[in-house]
Amino acid sequence: LWGNVTVRDGALELAGADRGSSAAAILEGTSIWEHYRANARVELRESTTFSIMARYQDGNYISCTYSKDGSIRFEEEVGGERVMHQILHNIRPPAEGEALIIGIYVNGPRAGCLLDNEIVMSVFPSETIPKQGSIGFKAWTQERRTMRSRVLDLRAESLDKPPVR
């Protein structure tokens, strides 16, 4: 979507363009799935926050944003308006150079964030988010310098049967 996105040494690298402070990439493999879970092993490197997005479609999406300060936010963006549903503090921040295993899931009316393959947050996003859509990543830094993050591994799986409502 923006910034510099490359594949280097088997990893997806997101970097700000021209000393920019953010970058984003969308992956099309899950665009027809409605209920799914995705986990990624990421290095924040020079990023302050890193987001994994789900159901991305035409700029609308839900996301879990992981911060170096030890917080996780669940957000949605629909029609250009961003809403934060929940924030979780006091998560152990990653050590310098440490990779995080982060994730997001959508299953029926529920969605949430994962850390180390465990659900750490579960919410009911609005019904206006797309019912299907792609996985994506966003990285950002508050400092005006070169921003860079890496996705070392990604696993996405369809959740065959939606839960009973």
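Residues numbered from 1 in each chain as written. Predicted model: local features only at pLDDT ≥ 70, side-chain atom pairs only at ≥ 80, totals over all residues. Heavy atoms only, no water.

**Structural notes on the environment of Ser-71**
Stage number 1. Following the sequence through the fold, Ser-71 ends up in the loop between β6 (60–67) and β7 (72–78).
Stage number 2. Sequence separation of Ser-71 and Ala-139 is 68 residues, and the distance between their C-alpha atoms is 15 Å.
Stage number 3. Contact partners of Ser-71, with chain neighbours within four places excluded, come to Thr-65, Tyr-66, Ile-87, Leu-88 and His-89.
Stage number 4. At 2.8 Å, the side chain of Ser-71 and the side chain of Asp-69 are in polar contact. (Helix = DSSP H or I, 4+ residues; strand = E, 2+ residues; numbered from the N terminus. Contact = heavy atoms within 4.5 Å. Polar contact = N/O pair within 3.5 Å; in protein donor to acceptor, adjacent residues only side chain to side chain.)

**Things to note about the sheet that holds strand β11 (residues 118–123)**
Stage number 1. One open sheet accounts for seven strands, arranged β1-β2-β13-β4-β9-β10-β11; its pairing is antiparallel. A strand with exactly one partner marks an edge of an open sheet, and here the two such strands are β1 (4–8) and β11. The sheet shows a mean angle of 25° between the axes of neighbouring strands, taken without regard to direction. (Pairing = 2+ DSSP bridges. Axes fitted to C-alpha atoms, helices over the stretch in contact; angles between N-to-C directions.)

**Details of the layout of surface pockets**
Stage number 1. Its boundaries defined by the atoms lining it, the largest pocket holds a volume of some 260 Å³.
Stage number 2. Around the largest pocket, the lining is made up of 20 residues, and of these Ser-51, Tyr-61, Arg-82, Lys-138 and Trp-140 lie nearest the centre.
Stage number 3. Element by element, the count of residues in the lining of the largest pocket is highest for strand β5 (residues 49–57), at five residues.
Stage number 4. Per-class residue counts for the lining of the largest pocket are 10 nonpolar, five polar and five charged. (1 Å grid on protein atoms, 1.4 Å probe; cavity = no way out; pocket = protein on both sides within 12 Å on 5 of 7 lines; lining within 4 Å. Points joined across faces, edges and corners; volume = space filled by probe spheres on them. Nonpolar A, V, L, I, M, F, W, Y, C, P; charged D, E, K, R; others polar.)

**Regarding the pairing of strand β12 (residues 134–140)**
Stage number 1. Here β12 lies mainly inside the structure; six of its seven residues are buried.
Stage number 2. Alignment of strand β3 (residues 22–27) against β12, held across six bridges, turns out to be antiparallel. Counted as the bridge partner of Ile-26 is Gly-136 from β12.
Stage number 3. Inspection of the sheet shows β5 paired to β12 by six bridges, in the antiparallel sense. From the neighbouring strand, Ser-51 faces β12, where its bridge partner is Lys-138. (Buried < 20%, exposed > 50% of the residue type's maximum accessible area, 1.4 Å probe, protein only.)

**Let's talk about the pattern of salt bridges**
Stage number 1. Taken as a whole and judged by the stated rule, the model has seven salt bridges.
Stage number 2. Glu-13 serves as the salt-bridge partner of Arg-8, at 3.6 Å between the closest nitrogen and oxygen.
Stage number 3. In this structure Arg-8 comes out as partly exposed when scored by relative accessible area, which is 43%.
Stage number 4. Under the relative-accessibility criterion, Glu-13 is labelled buried at 5%.
Stage number 5. A salt bridge links Arg-150 to Glu-13; its shortest N-O distance comes to 3.8 Å. Highlighted residues: Arg-150 in strand β13 (residues 148–158) and Glu-13 in strand β2 (residues 11–15), separated in sequence by 137 residues.
Stage number 6. Judged by its relative accessible area of 10%, Arg-150 is buried. (Salt bridge = Lys/Arg side-chain N within 4 Å of Asp/Glu carboxyl O.)

Spatial relationships are all this shows, so hold off on functional conclusions.
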